[in-house]
Amino acid sequence: MQRSMANETQKVGAIHFPFPFTPYAIQEDFMAELYRVLEAGKIGIFESPTGTGKSLSLICGALSWLRDFEQKKREEEARLLETGTGPLHDEKDESLCLSSSCEGAAGTPRPAGEPAWVTQFVQKKEERDLVDRLKAEQARRKQREERLQQLQHRVQLKYAAKRLRQEEEEMENLLRLSREMLETGLGAERPEQLESGEEELVLAEYESDEEKKAASGVDEDEDDLEEEHVTKIYYCSRTHSQLAQFVHEVKKSPFGKDVRLVSLGSRQNLCVNEDVKSLGSVQLINDRCVDMQRSRHEKKKVAEEEKPKRRRQEKQAACPFYNHEQMGLLRDEALADVKDIEQLLALGKEARACPYYGSRLAIPAAQMLLHAATRQAAGIRLQDQVVIIDEAHNLIDTITGMHSVEVSGSQLCQAHSQLLQYMERYGKRLKAKNLMYLKQILYLLEKFVAVLGGNIKQNPNTQSLSQTGTELKTINDFLFQSQIDNINLFKVQRYCEKSMISRKLFGFTERYGAVLSSREQPKLAGFQQFLQSLQPRMTEALAAPADESQASAPRPASPLMHIEGFLAALTTANQDGRVILSRQGSLSQSTLKFLLLNPAVHFAQVVKECRAVVIAGGTMQPVSDFRQQLLACAGVEAERVVEFSCGHVIPPDNILPLVICSGISNQPLEFTFQKRELPQMMDEAGRILCNLCGVVPGGVVCFFPSYEYLRQVHAHWEKGGLLDRLATRKKIFQEPKSAHQVEQVLLAYSRCIQGCSQERGRVTGALLLSVVGGKMSEGINFSDNLGRCVVMVGMPFPNIRSPELQEKMAYLDQTLPRAPGQAPPGKALVENLCMKAVNQSIGRAIRHQKDFASIVLLDQRYARPPVLAKLPAWIRARVDVKSTFGPAIAAVQKFHQEKSASS
C-alpha cells in the first residue's frame, strides 16, 4: 500500500487525529486506545512491533489528546468566568465540573447546621476567588502565547547572543586587568597557612536541616526555575539517539510547527564548559557544576567583605556559560523551533550559554518534554501530568540496575585512606560538626572492610581473606553484623550530599595524588612528611589504579562518591533489598553489593502523581512482569491498567516462525544446561544450520544462550569439520565481546552479503553467530537481506544458581499471590526473563512493511503452550510446530523460493 506524504486528518470515532500520511489501521487503533487511556487517567501497556510506526502513533495520539484537553479546559474556564461574573448561580449550576487547576476553589462542603447567610457568603467568596484565579491564569496564558508567537518570528537571536558575548568578553578583559593590578599590590597579604587554591578544598561550616530551615543559595536559584502548572507530556527513552530520532518524528508530524518541545538531558550530555566536561564522570561533572553555582551565590554575599575573602572566591570561579541573559536567548531559541540535544549543544556553544540550565528555563512553557536525566535534577513536578516511557521492555531491569550498587574492598580502603589524610591536613580548620560526620564516615568504611574479613590499616591488594564465598543478608542483618546499626545513615547521607565532601576529597587527591599508596609504607611520620615525599612526576604514578583490571577502565570518580551510593541504598526498607557479601581471595577484589528486590518502590511515586502513564515498546511480551512486579507492587489497581497489542503491518505470510523439536538424526532437541554440551547436541545444531544455510539466501543470524556456549560450540564445530562445511555456503562472522568492534563486524557482514548477492557464486551470503542479550540482540536492525533467517539455539534461561536471581525469586514467591493453575511467581520470573530475551532477538529481522524472514526455534520446549503464549501475538499466530526436521527444512526452502521469486 502506497501512503501519501500529505498531512491528513483521520477521524476515529469522534476524534480527529492529524497524521503526515494515511495511517495503517493498526495505527488508528493505537491512537484511539492511547487517547482513551490519557483521557481516563489510566496506566497503558502498549506493544507495537518495530516497523509499524509506533513513534508517530504516540506523537499524534498523545498530542491530539493534549490539544482537545487544552480546548476543553479553556471552554470550561470561560463558562465558569461567565457564571462567576453574573448573579449567584442556582443549585442546578453547582454541578459544574472543575479542572484540575481549579479543584478545591468552589464546592467546599460546609458544616451542618450553619446559617444560610453564612453559607451563601462563603460560597460567594469562594466563587470570587475562583474567578480571580481564572482571570490571572488567562492573563498569564495570553502573555505566554504572545511571547511564543514573537519568538517564532524572531530571526535575530544568534546576532543578539553574539553581541552580548562581545560585550561580556570586553568586560572580562577589564576585570582581568583589574585583578592583575590588585594582585600585584596585595601579594604580600597572601595567607601562608594554605597554598593557593587550597581554600576551596576546606569544608564550610555544616548545619543540618533541623538547624537550617532556609534553603541554600543554589536551592533558592532552583526555586526561581520552578515550573508553573501547564499540562505536559513527558517522553522518556533509553538513549539520546532514540530521543533525537523521536524529535525528528515530531518535526515531521502535523504538530511540528505548533508544539513546544524541550530536549532535556543530564549535565554530562549538555555541558559546554570544557573544564567541567573533561572530568568525565557524571558525579564529578554534577558536583563541579553545582559547586560553581554555589560559588556564584557566595560571591554575592561576600562582595563587600575584606579583600582576602574576595580573593578566595576568585579561585572558585563561577561558570562563564551561566549567564541569565544568554540562557534566556537559548531558551527562546529552543521554544521557537523543535531542537534535539545535539542542536541545543551547538546553540549553547555559539551563544556561550549553558544548554543544561537554559533548557530548564524552557520547561514551564514546554508542552512535551524529553527527559533523559532524573526529574529531580530538572526540577520537574509530575502532579497531574502525562508520562510516556518508550522502549520500555527492560524498564524493570533498568530501575533495578540504577539502584543496585557494588563497592569493592579496594574502593573502601582507598576512600578511608584519602579521608584520613584529608582530616590530618585540614582538621584544625574544620568545625566540630564536620569532624563528627567525617569520623562517622571513617567508622562506616572501617566496619565495611571488617565485615568482609579485612583490616583497614593494611594494603588491600596483599590482604588474603581466610573465608571466601558469597553471603546474602537482609539490610538489617547486614547493619547489625557490621556494627553500624547505631549510625543514622539518613543523616550521614544528607551530610555527604550537602557538604559535598566527596567533591572536596576529589579535589584534594587531584592536587596531591592518590594517597592510598602511603599505606604500603611502614609508619609515615604524618601528612607533612608524605607531602614532602611527593614529587610532581610521581603524582600520575600514584594516581594509577591498584590492579591491572582497572587500568584500562575510564577515569573513575572519587571512591567516596561511589560509596555514597551504597550508603543511600542501605536506607531502603528492609524488605525491599538485600546485601551480598562476596569474599574473593584478596580484600581488594571482594565486594559488597546492594541488590534492589522491589523496583516498584521507585516507580510508585510516578504512577501515584501522574494523570496517566504509558509504557510502550516494540516487544512487551510477556506483560505479566509489568503488571505484577512494577504496577501491582506500586499499589496500582488492576482496573487502572490497560493492555494494547497490535499486529504487524507486514502480510501474515511474510514470516515463517517454526519450532523444530528433533534434529536430522531424530535426536530430540532440548538444549538444557545439562544436555547442551553433549557432542551429539552440538553436532545436531551444526548440521541443522548447514541445511538452513543451504536454502536461505542472504544473511542468517544464529543466537546462542551465552558467550561461553558459543565458544564451546565454535571450537567443537571447528574440530569436527562442521565449520568448514558451513563456510562453503556462508561466510562466518562471530559477535565480538568488545563493544568498539561491533560496528566493524556489522559492516563486514553487510558488505559480504551485498557482494554475494551481486556475484551469485557458491557462497550465498553470511552467517552471524551471536549471543542472546549481547550486542547484536538489541538495537541492531537485520532488515531485508541482512536477516532472512533468525535461528535460536535453545532457550536462554538466566543462571538459576545466581544468588541475586534466587533471592529475587524467593522475594516474589513471598510477595506476590500465586494465580490458580499458574507457575509460582519466582519460576514465572525465570521463564519471562528467558522469553523477553528471545522476543528481542527474533524481532531483529522484520523491520518494515515489505520485509520477510523465517524464524527457527531449535528446542522442543518452545512447543509448550505456556511458552508459545509468551511470544508476540503477530509471531504466535503464525507459529508452526514441526516434530521432525524433514518437513521443517522443506517449509523453509519453499518459503524462501516463493519470496525471492516475488520480490
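Residues numbered from 1 in each chain as written. Predicted model: local features only at pLDDT ≥ 70, side-chain atom pairs only at ≥ 80, totals over all residues. Heavy atoms only, no water.

### Here we look at the pattern of salt bridges
Right, so step 1: Taken as a whole and judged by the stated rule, the model has 20 salt bridges.
Right, so step 2: The partner of Asp-390 in a salt bridge is Lys-54, with the nearest N and O atoms 2.6 Å apart. A residue pair is termed long-range when its members are at least 10 positions apart, and Asp-390 in the loop between β7 (386-389) and α15 (395-402) and Lys-54 in helix α2 (residues 54-85) qualify at 336 residues.
Right, so step 3: Of the charged contacts, one joins Lys-54 and Glu-391 as a salt bridge, the two residues approaching to 3.6 Å between their closest N and O atoms. Placement of Lys-54 in helix α2 and of Glu-391 in the loop between β7 and α15 is noted, with a sequence separation of 337 residues between them.
Right, so step 4: The buried category is assigned to Lys-54, whose relative accessible area is 9%.
Right, so step 5: Given a relative accessible area of 22%, Glu-391 falls into the partly exposed group.
Right, so step 6: Each of Lys-54, Asp-390 and Glu-391 takes part in salt bridges that share partners, so that together they form one network. (Salt bridge = Lys/Arg side-chain N within 4 Å of Asp/Glu carboxyl O. Helix = DSSP H or I, 4+ residues; strand = E, 2+ residues; numbered from the N terminus. Buried < 20%, exposed > 50% of the residue type's maximum accessible area, 1.4 Å probe, protein only.)

### So, the sheet that holds strand β17 (residues 765-771)
Right, so step 1: Strand order in this open sheet of 7 strands is β16-β17-β15-β18-β19-β14-β20, and the pairing throughout is parallel. In this open sheet, the two strands that pair with only one neighbour each are β16 (730-734) and β20 (880-882). Mean inter-strand twist for the sheet, computed between neighbouring axes without regard to direction, equals 20°.
Right, so step 2: Bridge analysis of β16 against β17 gives 5 bridges, and the strand direction is parallel. Pairing of Ile-732 across the sheet is with Leu-767, part of β17.
Right, so step 3: Helix α27 (residues 679-695) rests against β15 (698-704), β16, β17, β18 (789-793) and β19 (853-858) of the sheet, and its axis sits at about 140° to β17.
Right, so step 4: Those strands touched by helix α28 (residues 707-720) are β15, β16, β17 and β18, and its axis lies near 135° from that of β17. (Pairing = 2+ DSSP bridges. Axes fitted to C-alpha atoms, helices over the stretch in contact; angles between N-to-C directions. Contact = heavy atoms within 4.5 Å.)

### Let's talk about α27
Right, so step 1: Over its 17 residues, α27 extends 25 Å from the first C-alpha to the last, a length consistent with the 24 Å expected when each residue adds 1.5 Å.
Right, so step 2: Along α27, the residues that are buried comprise Met-681, Met-682, Glu-684, Ala-685, Gly-686, Ile-688, Leu-689, Cys-690, Leu-692, Cys-693 and Val-695. (Expected span 1.5 Å × (residues − 1).)

### Observations concerning the sheet that holds strand β9 (residues 469-474)
Right, so step 1: Read across the open sheet, the 4 strands follow the order β8-β11-β10-β9; overall the sheet is antiparallel. Strand pairing shows two members of the sheet lacking a second neighbour, β8 (405-408) and β9, which therefore form its edges. The mean angle between the axes of side-by-side strands here comes to 15°, regardless of whether they run parallel or antiparallel.
Right, so step 2: Relative to strand β11 (residues 591-596), β8 runs antiparallel, the two being bridged by 4 bridges. Within β11, the position partnered with Ser-408 by the bridge is Thr-591.

### As for the pairing of β17
Two faces make up the sheet, and in a regular strand the side chains alternate between them.
Right, so step 1: Most of β17 sits out of view: 7 of its 7 residues are buried.
Right, so step 2: Where β15 and β17 come together, 7 bridges link them in parallel fashion. What sits directly across from Phe-703, in β17, is Ser-770.

### Thoughts on helix α17 (residues 432-451)
Right, so step 1: With 20 residues, α17 extends 29 Å between its outermost C-alpha atoms, agreeing within 8% with the 28 Å of an ideal straight helix rising 1.5 Å per residue.
Right, so step 2: Note on α17: the residue one or two positions beyond its end, Gly-453, has a positive phi of about 100°.

### Quick notes on the confidence of the model for the protein
Right, so step 1: On average, residues of the protein carry a pLDDT of 76, and 72% of them reach 70 or more.
Right, so step 2: Low confidence marks residues 185-192, where pLDDT is under 50. Its contacts with residues over four positions away, or in another chain, come to 3 contacts.
Right, so step 3: Scored below 50 in pLDDT, residues 514-556 shows 46 contacts in the model against residues more than four places distant or in partner chains. (pLDDT = per-residue confidence, 0-100.)

### Brief notes about the environment of Arg-425
Right, so step 1: With respect to the helices and strands, Arg-425 occurs in helix α16 (residues 409-426).
Right, so step 2: Judged by relative accessible area, which is 18%, Arg-425 ranks as buried.
Right, so step 3: Along the sequence, Arg-425 and Phe-508 sit 83 residues apart, while their C-alpha atoms lie 9.8 Å from each other.

### Notes on the packing of helix α20 (residues 501-512) against helix α24 (residues 559-569)
Right, so step 1: For the pair α20 and α24, the least separation of the axes is 8 Å and the interaxial angle reads 160°. Here α20 is positioned roughly antiparallel relative to α24, judged by the angle of their axes. Like other packed secondary-structure pairs, α20 and α24 cross with a definite hand, here right-handed. Contact residues: α20 offers Ile-501, Ser-502, Arg-503, Leu-505 and Phe-506, while α24 offers Leu-560, Met-561 and Glu-564.
Right, so step 2: Considered class by class, the residues forming the contact of α20 with α24 number 5 nonpolar, 1 polar and 2 charged. (Parallel < 35°, antiparallel > 145°, perpendicular 65-115°, else oblique. Left-handed = near helix turned anticlockwise from the far one by under 90°. Nonpolar A, V, L, I, M, F, W, Y, C, P; charged D, E, K, R; others polar.)

### Thoughts on the side chain of Lys-808
Right, so step 1: Note that Lys-808 resides in helix α31 (residues 803-815).
Right, so step 2: One buried charged residue, Lys-808, forms no salt bridge at all, with the nearest opposite charge on Asp-397 at 7.3 Å.
Right, so step 3: If sequence neighbours within four positions are ignored, Lys-808 has contacts with Leu-597, Pro-599, Gln-629 and Leu-829. (Lys, Arg positive; Asp, Glu negative; His and termini not counted.)

### Let's talk about the nonpolar core
Right, so step 1: Residues Phe-448, Phe-478, Phe-566 and Leu-592 are the most contacted members of the largest nonpolar core, which totals 50 residues.
Right, so step 2: For this core, the leading source of residues is α17, giving 9 residues.
Right, so step 3: Non-local contacts of Phe-478, meaning those with residues more than four positions away in its chain, are made with Phe-448, Val-451, Lys-473, Phe-566, Leu-570, Val-579, Leu-581 and Leu-592. (Core = buried A, V, L, I, M, F, W, Y, C linked by side-chain atoms within 4.5 Å.)

### Observations regarding the side chain of Asp-390
Right, so step 1: A relative accessible area of 3% means that Asp-390 is categorised as buried.
Right, so step 2: There is a polar contact of 2.6 Å between the side chain of Asp-390 and the side chain of Lys-54.
Right, so step 3: With near-sequence residues (within four places) excluded, Asp-390 lies in contact with Lys-54, Ser-55, Leu-58, Tyr-235, Cys-236, Ser-237, Ala-616 and Gly-617. (Polar contact = N/O pair within 3.5 Å; in protein donor to acceptor, adjacent residues only side chain to side chain.)

### Re the packing of aromatic side chains
Right, so step 1: Inspection of the entire model under this criterion finds 21 aromatic pairs.
Right, so step 2: Seen from their ring centres, Phe-478 and Phe-566 are 6.2 Å apart, and the 80° between their planes marks the pair as edge-to-face. Taken as a pair, Phe-478 in helix α18 (residues 475-481) and Phe-566 in helix α24 lie far apart in primary sequence, 88 residues in all. Here Phe-478 matches Phe-566 in class, with each residue buried.
Right, so step 3: Measuring from ring centre to ring centre gives 5.9 Å for Phe-733 and Tyr-749, while their planes differ by 90°; the resulting arrangement is edge-to-face. With Phe-733 in strand β16 and Tyr-749 in helix α30 (residues 742-759), this pair connects stretches of sequence that are 16 residues apart.
Right, so step 4: Ring-pair connections join several aromatic residues into one group, and the members of that group are Phe-30, Phe-46 and Phe-644.
Right, so step 5: Between the NZ or CZ atom of Arg-352 and the centre of the ring of Phe-321, over which it lies, the distance is 4.7 Å.
Right, so step 6: Cation over ring: Arg-788 sits above Phe-852, and NZ or CZ is 3.7 Å from the ring centre. (Phe/Tyr/Trp six-rings, centres within 6.5 Å; stacked < 30°, edge-to-face > 60°. Lys NZ or Arg CZ within 6 Å of the ring centre and 35° of its normal.)

### Notes on the pairing of β18
Right, so step 1: Most of β18 sits inside the fold, with 5 of its 5 residues counted as buried.
Right, so step 2: Alternating residues of β18 divide into Cys-789, Val-791 and Val-793 and Val-790 and Met-792, and every residue in both groups is buried.
Right, so step 3: Taken together, the 4 bridges between β15 and β18 define a ladder with parallel strand orientation. Note on β18: the bridge partner recorded for Val-701 is Val-790.
Right, so step 4: Sheet topology note: the β18/β19 ladder contains 5 bridges and is parallel. For Val-790, the partnering residue across the bridge sits in β19 and is Ile-855.

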